[in-house]
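Close look at the chain arrangement
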Amino acid sequence: MAQARLATTKLRIVFETGVDGEGNPILKAKSFNNIKKEATADQLYQAAQAIFVLCNDTLNRVERTDCSDLLA
């Protein structure tokens, strides 16, 4: 039976920087690598909020990406 081992965690913050000619939001993202694997969702969201305060754009969403190694 295969097992998954958490290898890396990334934090991605997506900002809305404006709207295009058709009224669709223009999104830009900033990614942060080397996030502690043990970080909780609350901790990551608090970090994203602290970064967001320093920006002029609107916060669209906060994403967590976990990558795992599969072991046989």
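In every chain, residue numbers begin from 1 and rise along the written sequence. Totals for whole chains, interfaces and linings use every residue, but because this is a predicted model, local features are given only for residues with pLDDT of at least 70 and side-chain atom pairs only at 80 or more, for both listing and counting. Excluded from the side-chain calculation are hydrogens and water; included are all heavy atoms of the structure.

Turning to the packing of aromatic side chains, a few remarks are in order. Here is the rule: rings of Phe, Tyr and Trp (six-membered ring for Trp) pair when centre to centre is within 6.5 Å. Planes less than 30 degrees apart are stacked, more than 60 are edge-to-face, and the remainder are tilted. Under the defined criterion, the tally for this structure stands at zero aromatic pairs. Note on geometry: a ring has a charge over it if NZ (lysine) or CZ (arginine) is within 6 Å of the ring centre and within 35 degrees of the ring normal. Here Lys 30 stacks its cationic end above the ring of Phe 32, 5.8 Å away from the centre of that ring.

Right, let's talk about the nonpolar core for a bit. In this description, a nonpolar core means a group of buried Ala, Val, Leu, Ile, Met, Phe, Trp, Tyr and Cys residues linked to one another through side-chain atoms lying within 4.5 Å. When a residue's accessible area, from a 1.4 Å probe over protein chains only, is under 20% of the maximum for its type it is buried; when over 50% it is exposed; and in between it is partly exposed. In terms of nonpolar packing, the biggest core is built from eight residues, these being Leu 11, Ile 13, Phe 15, Ile 35, Ala 39, Leu 44, Ala 48 and Leu 59. In this description a helix means any DSSP run of H or I spanning at least four residues, a strand means any run of E spanning at least two, and both kinds are numbered starting from the N terminus. Those elements giving two or more residues to this core turn out to be β1 (3-19) and α1 (41-53). Here the element with the most residues in this core is β1; it accounts for three residues.

For Asp 42, the location among the structural elements is in helix α1. By relative accessible area, which is 60% here, Asp 42 ends up exposed. Between the C-alpha atom of Asp 42 and that of Leu 6, which follows or precedes it by 36 residues, the distance is 19 Å.

A few words now on unusual backbone geometry. The backbone of Asn 34 shows a phi angle near 60°, a positive value even though the residue is not glycine. Locating Asn 34 in the fold gives a position in the loop between β2 (25-32) and α1. Judged by its relative accessible area of 79%, Asn 34 is exposed.

On to the pairing of β1, then. When DSSP finds two or more bridges between a pair of strands, those strands are recorded as paired. Here β1 runs beside strand β3 (residues 58-71); their pairing, made up of 13 bridges, is antiparallel. By the bridge assignment, Thr 8 is partnered in β3 with Cys 67. Where β1 and β2 come together, eight bridges link them in antiparallel fashion. Across the sheet, the residue bridging to Phe 15 is Lys 28, located in β2. Hairpin connection of β1 to β2: five residues between the antiparallel strands, including Gly 23 at a positive phi of 90°.

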